[in-house]
Amino acid sequence: MTMYAPPGSAVPGGRRRRGGTSLPKQPERSLVSALPGALSITALCTALAEPAWLRVHGGTCPRPELGVSDVLGYTDPKLLDDYCVNPQTVLLLRVIAAFCFLGILCSLTAFLLDVFGPKHPALKITRRYAFAHILTVLQCATVIGFCYWASELILSLQQQHKKYHGSLIYVTFAISFYLVAGAGGASILATAANLLRHYPTEEEEQALELLSEMEDSSETFPGDYDIANQFQPPPAYTP
C-alpha cells in the first residue's frame, strides 16, 4: 500500500525554507579598529604636510621652525649658509619623510582591511593579528627617534654658531612631532581592538560555512513550497 501525506505535512528528507531565520555569521569587518586607523592616516598626512617639526631659538638660523618640507625636492641653500641645518640633518629629515610615507601606506592598508574584511586566508590573518597596524606603530616610533636625533644635531649646530655670545640655545618639538606620536597611539588602539576581539575557531568556521551552504541550497525552493506536495493522491475515479 502506498502512503500519501496530506498537503502541508512534512516528510522525511523534505526541505522547506524557513522565513525569517538566518545563520549567525562572523563578519570580518571591524569598524572599531577602522576608526582609530582613519585617525592615524589623517594625523600622518597632516604631519607630513605641516612645515613645523622642530623649533629653533637662539642661534644664527633665521628660521624659527624647520620641517621635512624644507628638504623634500629642492633645498634652499640659505638653510646651509645660515647654519640652520647641515648635510647630515638634511639626510635625517628626508629619512623621516620616507618613514612617514611608509606609515601612511601601512595605516591605509590596515584601514582598508578593517573596512572591507576580505575572506582570503592571508588577508584575514593579516587583519586579525593587526600586522599592518603594528607596522604603523613601528614606523611612528622610528620617526620619533629620528626626530630626537635631528634635534640634537641642530642643537649642536646652533651652539657652535650662536647669534650672541650669551644666547640661550634650545630646540623643541613642534606640532608635526606630536601628530606622529598621536598617530602611533591611534594605531595602538586599533591593534588592541583587533587582538582583543573574539574570533571563532577553525572548526567553528567550517561548521558555519557548511550550515551556510545548506541554507543557500534550501533557498532554491519558493517560500511556500513543500516537497510533500509532490506526493498528492490522484483524483477520485469517476466512471
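Look above for the structure.
Here the structure is a predicted model, which means the values were calculated and not measured. (Residues numbered from 1 in each chain as written. Predicted model: local features only at pLDDT ≥ 70, side-chain atom pairs only at ≥ 80, totals over all residues. Heavy atoms only, no water.)

**Q** When you look at the pattern of salt bridges in this model, what are you seeing that I'm missing?
**A** Side chains bearing opposite charge may pair, as long as their charged atoms lie close to each other. All told, the structure shown has three salt bridges when counted by the stated rule. Residue Glu65 pairs with Arg55 through a salt bridge whose shortest N-O separation is 3.3 Å. Here Glu65 is found in strand E2 (residues 65-66), whereas its partner Arg55 is found in strand E1 (residues 54-57), with ten residues between them in sequence. Take Glu65: its relative accessible area is 29%, and that puts it in the partly exposed class. Taking the shortest distance from any N to any O, the salt bridge between Asp70 and Arg63 comes out at 2.9 Å. A relative accessible area of 14% means that Asp70 is categorised as buried. For Arg63, a relative accessible area of 29% gives the class partly exposed. (Salt bridge = Lys/Arg side-chain N within 4 Å of Asp/Glu carboxyl O. Helix = DSSP H or I, 4+ residues; strand = E, 2+ residues; numbered from the N terminus. Buried < 20%, exposed > 50% of the residue type's maximum accessible area, 1.4 Å probe, protein only.)

**Q** What should I look at first to understand the packing of helix H3 (residues 87-116) against helix H5 (residues 131-160) in this one?
**A** Geometrically, a packed helix pair is captured by the angle between its two axes and the distance between the axes. Between H3 and H5, whose axes approach to 8 Å, the crossing angle comes to 165°. Considered as vectors, H3 and H5 are oriented roughly antiparallel to each other. In the crossing of H3 with H5, the sense of the turn from one axis to the other is left-handed. For the contact of H3 with H5, a count of residues per class yields 17 nonpolar, eight polar and one charged. (Axes fitted to C-alpha atoms, helices over the stretch in contact; angles between N-to-C directions. Parallel < 35°, antiparallel > 145°, perpendicular 65-115°, else oblique. Left-handed = near helix turned anticlockwise from the far one by under 90°. Nonpolar A, V, L, I, M, F, W, Y, C, P; charged D, E, K, R; others polar.)

**Q** Where do I start with the nonpolar core in this structure?
**A** Ranked by internal contacts, the top residues of the largest apolar core, which has 34 residues, are Trp53, Leu66, Val68, Ile96, Val143 and Val180. Taken together, the elements giving at least two residues each to this core come down to helix H1 (31-49), E1, H3, H5 and helix H6 (175-195). Per-element accounting of this core gives the leading share, eight residues, to H5. (Core = buried A, V, L, I, M, F, W, Y, C linked by side-chain atoms within 4.5 Å.)

**Q** When you look at the state of the cysteines in this model, what are you seeing that I'm missing?
**A** Linking two cysteines covalently through their sulfur atoms gives a disulfide. Going through the model one piece at a time under the given rule, you end up with one disulfide. The thiol sulfur of Cys45 is not disulfide-bonded, and the nearest other cysteine sulfur, from Cys100, lies at 9.6 Å. Here Cys140 is not disulfide-linked; the sulfur of Cys100 is the nearest cysteine sulfur, at 7.6 Å. Residue classification places Cys140 among the buried residues on the basis of a relative accessible area of 2%. (Disulfide = S-S within 2.5 Å.)

Taken by themselves, the reported measurements are silent on function.
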